[in-house]
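Structural overview for review
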Amino acid sequence: MIAMVDNDFVTIWMTTAAWAGIHSDLENVCLSAAEDRDEDRSIFASGIMDRGDHCIRRFDNSWPADDVVSPVAMTRGQWIFTLDGIRHWMGVSERIGAVESLDAARQAVALISEQLAAADE
């Protein structure tokens, strides 16, 4: 799958399951930002979660099956922020021995990074 650039937006194709893991990491970013009283970071992460959820959900607001591939279109800056958040929580997963979460995060980073790079070509 190739990422497509539309103005400053990059569309990345991913499964519902991949987005669910990314959403979870972004939720952690929101919570830690709120604890740090960093309202801007919390609001930005929340906006990314909403955007991704909107891209993944069906018109009837239901979630497709985990293996369904959907396009998620966000700005490059939103993708970079998302990658930073995932990488941060990868470190946490590694420290606590959450192997499954760590594997999913590694896959998400590879997926996003690969498609962002393809968008630059």
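Sequence positions are assigned chain by chain, starting from 1 and proceeding in written order. Whole-chain, interface and lining totals are the exception, using all residues; otherwise, since this is a predicted model, local features are given only for residues with pLDDT of at least 70 and side-chain atom pairs are given and counted only at 80 or more. Side-chain measures were taken over the full set of non-hydrogen atoms in the model, leaving aside hydrogen atoms and water.

1. Notes on helix 3 (residues 76–96)
Here a strand is any run of E in DSSP of at least two residues, a helix any run of H or I of at least four, and the numbering for each starts at the N terminus. Working rule for helices: expected span equals 1.5 Å times residues minus one. Relative to the 30 Å expected for 21 residues at 1.5 Å per residue, helix 3 spans 30 Å between its end C-alpha atoms, a close match to the ideal helical length. Within the sequence span of helix 3, burial applies to Q78, W79, F81, T82, L83, G85, I86, W89, M90, G91, V92 and S93. Next to the buried residues of helix 3 lie strand 2 (9–15), helix 1 (16–35), helix 2 (39–56), strand 3 (69–75) and helix 4 (99–120). Burial classes follow relative accessibility: with a 1.4 Å probe on protein chains only, a residue under 20% of its type's maximum area counts as buried, one over 50% as exposed, and anything between as partly exposed. In this analysis, two residues are considered to be in contact whenever any of their non-hydrogen atoms come within 4.5 Å of each other.

2. Focus: the state of the cysteines
Counting rule for disulfides: a pair of cysteine sulfur atoms within 2.5 Å. As enumerated under the stated definition, the model contains 0 disulfides in all. C55 supplies the cysteine sulfur nearest to C30, a cysteine that is in no disulfide, at a spacing of 17 Å.

3. What about the pattern of salt bridges?
One speaks of a salt bridge when a side-chain nitrogen belonging to Lys or Arg is within 4 Å of a carboxyl oxygen belonging to Asp or Glu. Per the counting criterion, the structure on display carries 5 salt bridges. Here D36 ties to R41 by a salt bridge, and the two come within 3.5 Å at their closest N and O atoms. Since its relative accessible area comes to 53%, D36 is described here as exposed. Looking at R41, the relative accessible area reads 27%, which means it is partly exposed. With its nearest N and O atoms 3.9 Å apart, the salt bridge here joins R41 to D38. Judged by its relative accessible area of 30%, D38 falls in the partly exposed class.

Function cannot be inferred from these measures alone, as they are strictly geometric.
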